[in-house]
Amino acid sequence: MAARPTALEAAAKALAHRDRSAASLTAYLERHGAAPEEASRAVERLQEAGYVDDARYASSRAQVLAGRGYGNDGVRFELERDGVQAGEIAAALASLPPERERALSLARVARAPTAAIRRLAAKGFSRDSIEAALAAIPSDETAGLDDQ
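Below is a short write-up of the structure. (Residues numbered from 1 in each chain as written. Predicted model: local features only at pLDDT ≥ 70, side-chain atom pairs only at ≥ 80, totals over all residues. Heavy atoms only, no water.)

### Here we look at the side chain of S21
With respect to the helices and strands, S21 occurs in the loop between α1 (7-17) and α2 (22-31). You can call S21 buried: its relative accessible area is 0%. Apart from the residues lying within four places of it in its own chain, the contact partners of S21 are V52, D54, Y57, D82, G83 and V84. (Helix = DSSP H or I, 4+ residues; strand = E, 2+ residues; numbered from the N terminus. Buried < 20%, exposed > 50% of the residue type's maximum accessible area, 1.4 Å probe, protein only. Contact = heavy atoms within 4.5 Å.)

Structural data, given as C-alpha cells:
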C-alpha cells in the first residue's frame, strides 16, 4: 500500500494542474487530509520558493475572467472567494483594460444587444459601464427598454 503523500507533495501536484492562491491551496490541502499546520507550512515553503504568489495569481486570474466577460465586481468577487487580499485584488483590477471599454466591446459584438446588457449586469459590470454600453447601442435596438 502506497504511503499518503505529504502536504508539500500534494500541494505540488495540485499546482501542476493550475495556479492557486495561498488561501485556496491551504484549504485544498486541508480538504484532502492535511492538518492545518502542515498545510500552512507547505504553502509557506512554496511561497518562499515562488511557486505560490497571490499577486501573480490575482493578475492572471483577473485577465482570464475579464476575457470571459466579467466586470470588475465579478472579478473582485471571484478573487475574494479565492482568499486573495484586497491590495492584490486592487492591483489586478488596475491591470485590466477599463471596465467601460470592456462593456462597450461586449455590447457591440452581441447578437442581441439588449440581452448583452442583462449579461453585463450578471457578470458584475458597474451601472456606469452598463449605461455607457446601452448608450452605444443604436436606438432602434433599445426601444422599449425603459418599459422593462
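### Let's talk about the packing of aromatic side chains
How two aromatic rings sit relative to each other is given by the distance of their centres and the angle of their planes. Considering all chains together, one arrives at zero aromatic pairs under this definition. Positioned above the aromatic ring of Y28 is the side chain of R20, whose terminal nitrogen or guanidinium carbon lies 4.4 Å from the ring centre. (Phe/Tyr/Trp six-rings, centres within 6.5 Å; stacked < 30°, edge-to-face > 60°. Lys NZ or Arg CZ within 6 Å of the ring centre and 35° of its normal.)

### With respect to the environment of S60
Position of S60 relative to the elements: it lies in helix α4 (residues 54-67). Among the residues examined, S60 registers a relative accessible area of 41% and is labelled partly exposed. Separated by 16 residues in sequence, S60 and E44 place their C-alpha atoms 20 Å apart.

### Brief notes about the packing of α4 against helix α5 (residues 72-81)
For the pair α4 and α5, the least separation of the axes is 10 Å and the interaxial angle reads 140°. If you check the angle between α4 and α5, you find them oblique. Here α4 runs over α5; the crossing is right-handed. In contact with Y57, A58, R61, A62, L65 and A66 of α4, α5 contributes V75, E78 and L79. Looking at the contact of α4 with α5 residue by residue, the classes come out as seven nonpolar, no polar and two charged. (Axes fitted to C-alpha atoms, helices over the stretch in contact; angles between N-to-C directions. Parallel < 35°, antiparallel > 145°, perpendicular 65-115°, else oblique. Left-handed = near helix turned anticlockwise from the far one by under 90°. Nonpolar A, V, L, I, M, F, W, Y, C, P; charged D, E, K, R; others polar.)

### Overview of the environment of V64
One can find V64 in helix α4. Linking V64 and R118, residues 54 residues apart in sequence, is a C-alpha distance of 21 Å.

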